[in-house]
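Okay, here's what each chain looks like letter by letter:
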Amino acid sequence: MKYHTAPGDPLPHCAIFSVTTLTQQFPEPATVPAGVLWVLVSSQGVAIRNGDIPQIYAESGPSPAVPVTGPVEYLGHRGTTPCYAAELPEDIPLPEGRVIVGVRELYGRIPDEDVAIAAFAVRMITSAKASRFCGRCGTKTVPVLTERAKRCPACGLVVYPRISPAIIVLITRGEECLLARSPRFPNGMHSVIAGFVESGETLEHAVHREVKEEVGLVVKNIRYFASEPWPFPDSLMIGFIAEYAAGEIEIDNNEIVSAGWFGRDALPPLPAPMSISRALIDRWVERGNLRP
């Protein structure tokens with residue numbers, strides 16, 4: 001797993017899906033220039049070229065052989081080369097030698113920076129599809145070439161890609177941490193508590209509320225850990241560590257179906273290493289209570 005740390009910061013930043021190798025150059029061209037790299041998107045996956053080292057980039061995009069009727073989005077420059085994403089129709093053959101692979105399945109098969117770009121491509125195509133029409137007057141939107149946005153030519157509304165903030169928190173109690181199961185998890189897997197931030201809340205308020213709602217506990221000493229852009233489809237995960245303060249575990253039987261306290265030597269199946277939830281757990285295992 002890759003970690004990023006600021007000078008003097010002892011805590012890791014798990015950022016598999018953070019796009020650090022693309023630079024944004026605006027204004028972007030009104031039409032796609034020649035010689036660009038393409039990431040071809042289908043639903044929540046991308047068309048990769050199979051081989052010993054799978055390749056997410058294609059040297060051609062829309063073509064008569066593979067018509068693209070969905071959005072085409074500028075992603076940024078990879079070095080000096082512009083990089084674009086295009087949506088592929090689901091009912092036509094793929095380009096020769098390519099298969100659709102979900103972004104999650106790319107982890108460990110290609111470099112992390114390419115996983116991030118693939119995820120970013122899926123996110124931008126999803127965002128473009130969601131903002132095709134103005135949410136205020138219904139007019140078809142047009143790209144804003146000077147920034148990453150869409151504009152309504154009728155009423156002037158400008159829409160930016162949606163970001164949905166969510167907290168994720170590891171709760172410690174002495175030498176144990178709280179882990180819980182969502183009904184959506186694979187069999188046996190446990191993770192930390194997470195939930196979306198509601199309108200009008202601070203991040204800390206969201207931590208208190210989500211923990212109380214999902215497992216009935218009160219926490220204290222909330223400390224920031226790291227953040228992660230989570231592209232499924234548009235979350236920004238803000239990670240915290242907190243200490244148990246009071247209460248007995250009472251699961252909500254909706255978001256959470258079981259929960260318990262676990263020691264380092266008796267952990268259940270955990271999330272994949274690419275996730276910030278796993279980074280929180282791994283760091284607790286390595287560094288005890290995670291205090292600086």
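Rules behind the numbers
Residues numbered from 1 in each chain as written. Predicted model: local features only at pLDDT ≥ 70, side-chain atom pairs only at ≥ 80, totals over all residues. Heavy atoms only, no water. Helix = DSSP H or I, 4+ residues; strand = E, 2+ residues; numbered from the N terminus. Rg over C-alpha atoms; globule rule 2.2 N^0.38 Å. Buried < 20%, exposed > 50% of the residue type's maximum accessible area, 1.4 Å probe, protein only. Salt bridge = Lys/Arg side-chain N within 4 Å of Asp/Glu carboxyl O. Core = buried A, V, L, I, M, F, W, Y, C linked by side-chain atoms within 4.5 Å. Pairing = 2+ DSSP bridges. Expected span 1.5 Å × (residues − 1). Contact = heavy atoms within 4.5 Å. Phe/Tyr/Trp six-rings, centres within 6.5 Å; stacked < 30°, edge-to-face > 60°. Axes fitted to C-alpha atoms, helices over the stretch in contact; angles between N-to-C directions.

**Some remarks on the overall build of the protein**
No. 1: Across its full length, the protein carries four helices and 16 strands.
No. 2: In summary, the protein has a C-alpha radius of gyration of 21 Å against a globular reference of 19 Å for 292 residues, a match within 12%.
No. 3: In terms of its C-alpha atoms, the protein occupies a principal-axis envelope of roughly 60 × 50 × 40 Å.
No. 4: Scored against the burial criterion, the 292 residues of the protein give a buried share of 47%.

**Description of the pattern of salt bridges**
No. 1: This structure, assessed with the given rule, holds 13 salt bridges.
No. 2: The closest approach of N and O atoms between Lys-129 and Glu-87, which form a salt bridge, is 2.8 Å. Of this pair, Lys-129 sits in helix 2 (residues 112-130) while Glu-87 is found in strand 6 (residues 81-87), placing the two residues 42 residues apart along the sequence.
No. 3: We classify Glu-87 as buried; its relative accessible area is 15%.

**Considerations on the nonpolar core**
No. 1: Counting residues in each nonpolar core, the largest one holds 44 residues, and the members touching the most others are Phe-17, Val-39, Val-46, Ile-56, Leu-75 and Leu-106.
No. 2: With nine residues, the single largest contributor to this core is helix 2.
No. 3: If you look at the next biggest cluster of nonpolar residues, it comprises 18 residues, including Val-169, Ile-171, Ile-238 and Ala-242.

**A look at the sheet that holds strand 10 (residues 158-159)**
No. 1: Read across the sheet, three strands follow the order 8-9-10 without closing on themselves; strand pairing throughout is antiparallel. With partners counted over all chains shown, the strands left at the sheet margins are strand 8 (142-144) and strand 10, one partner each.

**Things to note about helix 3 (residues 203-215)**
No. 1: Here helix 3 contains 13 residues, and its C-alpha end-to-end distance of 18 Å stays within 8% of the 18 Å for a straight helix at 1.5 Å per residue.
No. 2: Listing the buried residues of helix 3 in full gives Ala-206, Val-207, Arg-209, Glu-210, Val-211, Glu-214 and Val-215.
No. 3: If you follow the buried residues of helix 3, they end up packed against strand 11 (164-173), strand 12 (176-181), strand 13 (193-196), strand 14 (218-230), strand 15 (235-246) and strand 16 (258-263).
No. 4: Where helix 3 terminates, the next one or two residues include Gly-216, which has phi positive at roughly 75°.

**Topic: the packing of aromatic side chains**
No. 1: What the rule picks out here adds up to eight aromatic pairs.
No. 2: On the numbers, 5.8 Å between centres and 45° between planes, the contact of Trp-38 with Tyr-84 is tilted. With Trp-38 in strand 3 (residues 37-42) and Tyr-84 in strand 6, this residue pair connects regions lying 46 residues apart in the sequence. With respect to class, Trp-38 is no different from Tyr-84; both count as buried.

**Things to note about the sheet that holds strand 5 (residues 72-78)**
Two orientations exist for strands paired in a sheet by backbone hydrogen bonds: parallel and antiparallel.
No. 1: Judged by pairing direction, the sheet is mixed, and its five strands sit side by side in the order 5-6-3-4-7 without closing on themselves. If you trace the sheet from one side to the other, it starts and ends with strand 5 and strand 7 (98-102), each paired once. For this sheet the average axis-to-axis angle between neighbouring strands, irrespective of direction, equals 35°.
No. 2: In this structure, strand 3 lies alongside strand 4 (residues 45-49), joined through two bridges in antiparallel fashion. Paired with Val-41 across the bridge in strand 4 is Val-46.

**A closer look at helix 4 (residues 276-287)**
No. 1: Helix length check: helix 4 (12 residues) gives 16 Å between terminal C-alpha atoms against 16 Å at 1.5 Å per residue, within 8%.
No. 2: Along helix 4, the residues classified as buried are Ile-276, Ser-277, Ala-279, Leu-280, Ile-281, Asp-282, Arg-283 and Trp-284.

**A look at the pairing of strand 11**
No. 1: A large share of strand 11 lies buried, amounting to eight of its 10 residues.
No. 2: Summarising the sheet, strand 11 and strand 15 pair through nine bridges and their orientation is parallel. Each residue of the ladder has a partner; that of Ala-166, found in strand 15, is Met-237.
No. 3: Sheet topology places strand 11 next to strand 13; four bridges connect them, and they run antiparallel. Bridge pairing in strand 13 places Val-169 opposite Ile-193.
No. 4: Pairing of strand 11 with strand 12 involves two bridges; the strand directions are antiparallel. Residue pairing for strand 12: Arg-173 is matched across the bridge by Glu-176.
No. 5: Linking two consecutive strands that pair antiparallel, namely strand 11 and strand 12, is a turn of two residues; a positive phi of about 60° is found at Gly-174 within it.

**Some words on unusual backbone geometry**
No. 1: A cis amide bond links Phe-26 to the next residue, Pro-27, at an omega of 0°.
No. 2: Cis geometry is found at the peptide bond from Phe-232 to Pro-233, where omega equals 0°.
No. 3: Along the polypeptide, Pro-233 turns up in the loop between strand 14 and strand 15.
No. 4: Even without a glycine there, the phi angle at Asn-221 is positive, about 50°.
No. 5: Given the relative accessible area of 40%, Asn-221 is considered partly exposed.
No. 6: Unlike most non-glycine residues, Asn-253 shows phi in positive territory, near 55°.

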